[in-house]
Amino acid sequence: MRVAASLAFALAAIFANAAQAQNPIPVKIGVLTDMSSLYADDTGPGSVAAAKLAIQDFNPAAHGMKVDLVVADHQNKPDVGASIARQWFDVDHVDMIVDVPNSAVALAVSDVTRQKNKVFLVSGAAISDLTGPKCSPNTIHWTYDTWMLANGTGKSVVKTGGKTWFFITADYAFGHALQRDTSAVVEANGGKVLGSVNVPLNNQDFSSFLLQAQQSKAQIIGLANAGGDTINSIKQGAEFGITAGGQHFAGLLVFLPDVEALGLKAAQGLVLTETFYWDMNDATRAWTKRWQVSRPGKFPSMNQAGVYSATLHYLKAVAALKSAADGKAVVAEMKKLPTNDPLFGKGMIRADGRKIHPAYLFQVKSPAESKYPGDDYILKATIPADEAFRPMSQDNCPLVNAAK
Amino acid sequence: MFEIFGVPSQALFGQLLIGLINGSFYALLSLGLAVIFGMLNVINFTHGAQYMMGAFAAYLLLQYLGLNYWVALVVVPLLVGASGMLVERLFLQYVRQLDHLYGLILTFGLALVIEGLFRNYFGSSGEPYQPPDLLQGGQNLGFMFLPNYRAWVIVFSLVVCFVTWFVIERTRLGSYLRAATENPALVRAFGINVPRMVTLTYGFGVGLAALAGVMAAPIYNVSPQMGSDVIIVVFAVVVIGGMGSILGAIITGFALGIIEGLTKVFFPEASSTVIFVIMAIVLLIRPTGLFGRTA
């Protein structure tokens, strides 16, 4: 009798296990990114590779989960991005969207995500409004933002004597936000903004705008643009003798792949702020080596590192809740759990959806200082996590005000 | 110093000159397109990709063979032109007799394939390329700082434009070409190998695109999407100038460069659209373009 009972128990246990194994918690992650245009090297296929590494490191099977990954190209068009997001949520059962470079697209996707009560982890886009007036209980802004860039690069440039500024600004949400946040920092530190010019996205020739910047006689030409636009501005600035004439560029958003594309000869001396550099420590170097298996010869940008970190933390929260169905609940759980990964170290997520970690002020090396491929930055200063991002008191985020 | 609409005249002269420099790129590129359309009746959407191939070929020659800018200026148009001839032999010759639309779609597809291949291999952020040592630095003109390289661009492209126009409109070879476009059967009856001439002409047009690519490499970001960024504008230039009109392409190229340059001063936000506004107006008033002949 006892034998029969224990046999029955054992059988029941096996069946229960089998049932669990047959019905793992399904999670579907969508990497919505720029696969084919100016931000494709800073995000794009490298972000997909990072998301895959995160899933692999999390080991879904061990947590009784099954994670699928889908990818789409938003072509830097907000309407395209929003309709892909809608289709993913409604038809394809995607639970979480990650990356989304281009602030205009990110704002559109954030709205859709909130309507559908899913999760949106912004790694690629910069606009600080995502944790400000446009903050959402379904969105977490992961890697960096315009306030942090302004606070890092802007402040350090003003403090080292760059008092008068002229902005060359990408004419869409991101560029305007970056200029706004940087102007505030410049003026708060005793500097002055002499003028600015709004340039359409994906412009080829900047000489006309560089000439306007030269005529403004500003000490600093602030580049409130990104990707190919920044590369063209700096490349043509060297040609037009900007630095020879005593003016300096402040690249407000420069990624490592941009520096590689410019070459150290053209980019040397540039000061920039990032939250991740592949050559920071053994953990980042080891991760980069694994990432390079699918991206040979390339070096990861902070956006791509952010995709890894965000995806990993998301999966931990889903595992804790044992469900990915309720987006708000997952985000709340993510805010509750402290973050920890090899790339950004220990950190946390604030009530407004801002992920907090240190930021680093780098200077681009000269060709002589660079010893091996990808050896591009010198660390100038570390901005501690509690100073790197905009304090919640200045957010104007309705979520925070409601909690008060 | 006087002011024009609140902009100091000195600044304006600088902007005009810059407009002229950008115009010389538009002129070079639209020239190739006009030659190909005028002689082959093919709307060559691959032109932007071929311009990009020119810039990348210059980068690859320097990177892997150590061949400098000046060598590239000669070798790259030949190489890329030869690849163009291959395209003509393999694909284009079969669609030439059909409606324009077939050639357009074929070349557009090819452009996407070429761009995709380059993006897959090189990534999207591009490769560095420095101006040649001889043309580093620049001159202070009083009203602006003119980089030596830009001065070279404007002079060289004017020469290329003039030579091309001269060869096609004023030489015997050019007259064969034009005749072959009008009536290939008759020209063939005179013992001229028309298909070979067509292949060479396409190669020449593609070579012009590659030449523009080499010239662009030191100043624009050498990236796989550099062609698609510029090709739409160049098509607008060709349409405004009149499809197939060589002189029209050259003059319109320079003129639109200047107009775009001025827009960048007075209303920079519109600088990427002004050319298309002009195109719409021109098409309303003169559907065949400014220099186009009515069919």
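Within each chain, residues carry numbers counting from 1 in the order of the written sequence. Chain labels run from A onward and ligand labels from 1 onward, assigned in the order the entries are written. Note on the predicted model: pLDDT of at least 70 is required for a residue's local features to be given, and 80 or more for side-chain atom pairs to be given and counted; whole-chain, interface and lining totals, by contrast, use all residues.

### Focus: the overall build of chain B
In step 1: A helix here means a DSSP run of H or I that spans at least four residues, while a strand means a run of E at least two residues long, and both kinds are numbered starting from the N terminus. When helices and strands are counted, chain B shows 11 helices and four strands.
In step 2: Only C-alpha atoms enter the radius of gyration, while the globule expectation follows 2.2 Å times N to the 0.38, with N the number of residues. In terms of overall dimensions, chain B is globule-like: its C-alpha atoms have a radius of gyration of 19 Å, near the 19 Å expected for 295 residues.
In step 3: Taken along its principal axes, the extent of the C-alpha atoms in chain B is 65 × 50 × 35 Å.
In step 4: Taken across its 295 residues, chain B has 52% of its residues classed as buried.
In step 5: Any residue pair is listed as a contact if its two C-beta atoms, each placed from the backbone, are within 7 Å. Nonlocal contacts in chain B, meaning residues at least 24 apart in sequence, comprise 76% of its contacts between residues at least 6 apart. Each residue is classified by how many other C-beta atoms fall within 10 Å of its C-beta atom, where C-beta atoms are placed from the backbone; a count of 20 or more means buried, 12 or fewer means exposed, and values in between mean partly exposed.

### Some words on the domain arrangement of chain A
Residue and element names in this part refer to chain A.
In step 1: Segmentation into domains, and thus their bounds, comes from an automatic or database assignment. Here chain A is described as being made up of domain 1 (24–144 + 280–354) and domain 2 (147–274 + 359–388).
In step 2: Taking only C-alpha atoms, the centre of domain 1 and the centre of domain 2 are 27 Å apart.
In step 3: Of the residues lining the interface, 16 residues belong to domain 1; the matching set on domain 2 comes to 21 residues.
In step 4: In terms of residues, the side of domain 1 that touches domain 2 owes the most to one element, helix H4 (residues 103–116), which gives three residues.
In step 5: Lys, Arg, Asp and Glu make up the charged group, whereas Ala, Val, Leu, Ile, Met, Phe, Trp, Tyr, Cys and Pro make up the nonpolar group; the residues left over, Gly among them, are polar. Partitioned by chemical class, the residues of the side of domain 1 that touches domain 2 number nine nonpolar, four polar and three charged.

### Remarks on the interface of chain A and chain B
In step 1: Opposite the 37 residues of chain A that make contact, chain B presents 33 residues.
In step 2: For the side of chain A that touches chain B, the secondary structure elements donating two or more residues are strand E7 (192–199), helix H7 (207–216), helix H8 (227–239), helix H9 (256–262) and helix H10 (264–267) of chain A.
In step 3: Among the elements that make up the side of chain A that touches chain B, the one with the highest residue count is H8 of chain A (seven residues).
In step 4: Residue classes in the side of chain A that touches chain B are distributed as 13 nonpolar, 16 polar and eight charged.

### A closer look at the domain arrangement of chain B
Residues and elements named next belong to chain B.
In step 1: Looking at chain B, the domain boundaries give domain 1 (42–131 + 145–222) and domain 2 (225–295).
In step 2: At the interface, 16 residues of domain 1 touch nine residues of domain 2.
In step 3: When contributions to the side of domain 1 that touches domain 2 are tallied by element, the ones reaching two or more residues are helix H2 (47–65) and helix H5 (148–170).
In step 4: Taken together, the residues of the side of domain 1 that touches domain 2 break down into nine nonpolar, five polar and two charged.

### Looking at the packing of H2 of chain B against helix H8 (residues 194–216) of chain B
All names here are of chain B.
In step 1: Note on definitions: angles span 0 to 180 degrees between N-to-C directions of axes, and those axes are lines fitted to C-alpha atoms, for helices only across the stretch in contact. For the pair H2 and H8, the least separation of the axes is 7 Å and the interaxial angle reads 50 degrees. Put simply, H2 runs oblique to H8. Handedness of the crossing formed by H2 with H8: right-handed. Residues His47, Gln50, Tyr51, Met52, Met53, Gly54, Ala55, Ala57 and Ala58 of H2 form the contact with H8, whose participating residues are Val206, Ala209, Ala210, Leu211, Ala212, Gly213, Val214 and Ala216. Here the word oblique covers every angle except those under 35 degrees (roughly parallel), over 145 (roughly antiparallel) and from 65 to 115 (roughly perpendicular). Two helices that cross are described as forming a left-handed crossing if the nearer one is turned anticlockwise from the farther one by less than a right angle, and a right-handed crossing if clockwise.

### Structural notes on helix H4 (residues 100–122) of chain B
Residues and elements named next belong to chain B.
In step 1: Every helix has an expected span of 1.5 Å times one less than the residues it contains. With 23 residues, H4 extends 33 Å from end C-alpha to end C-alpha; this agrees with the ideal 33 Å at 1.5 Å per step.
In step 2: Here H4 has its buried residues at Gly103, Leu106, Thr107, Ala111, Ile114, Glu115, Phe118 and Arg119.
In step 3: Residues of H4 that are buried in the fold lie against H2, helix H3 (69–95) and helix H9 (226–241).
In step 4: At the exit of H4 stands glycine 123, carrying a positive phi of roughly 80 degrees.

### Re the sheet that holds E7 of chain A
Residues and elements named next belong to chain A.
In step 1: By this definition, two strands are paired if DSSP reports at least two bridges between them. Spatial strand order, E7-E6-E8-E9: four strands in an open sheet with parallel pairing. For this open sheet the edge positions go to E7 and strand E9 (248–251), each flanked by a neighbour on one side alone. Averaged over all pairs of adjacent strands, the angle between strand axes in this sheet comes to 20 degrees, irrespective of strand direction.
In step 2: Of the strands in this sheet, strand E6 (164–170), E7 and strand E8 (220–224) touch H7, which is tilted by about 170 degrees from E7.

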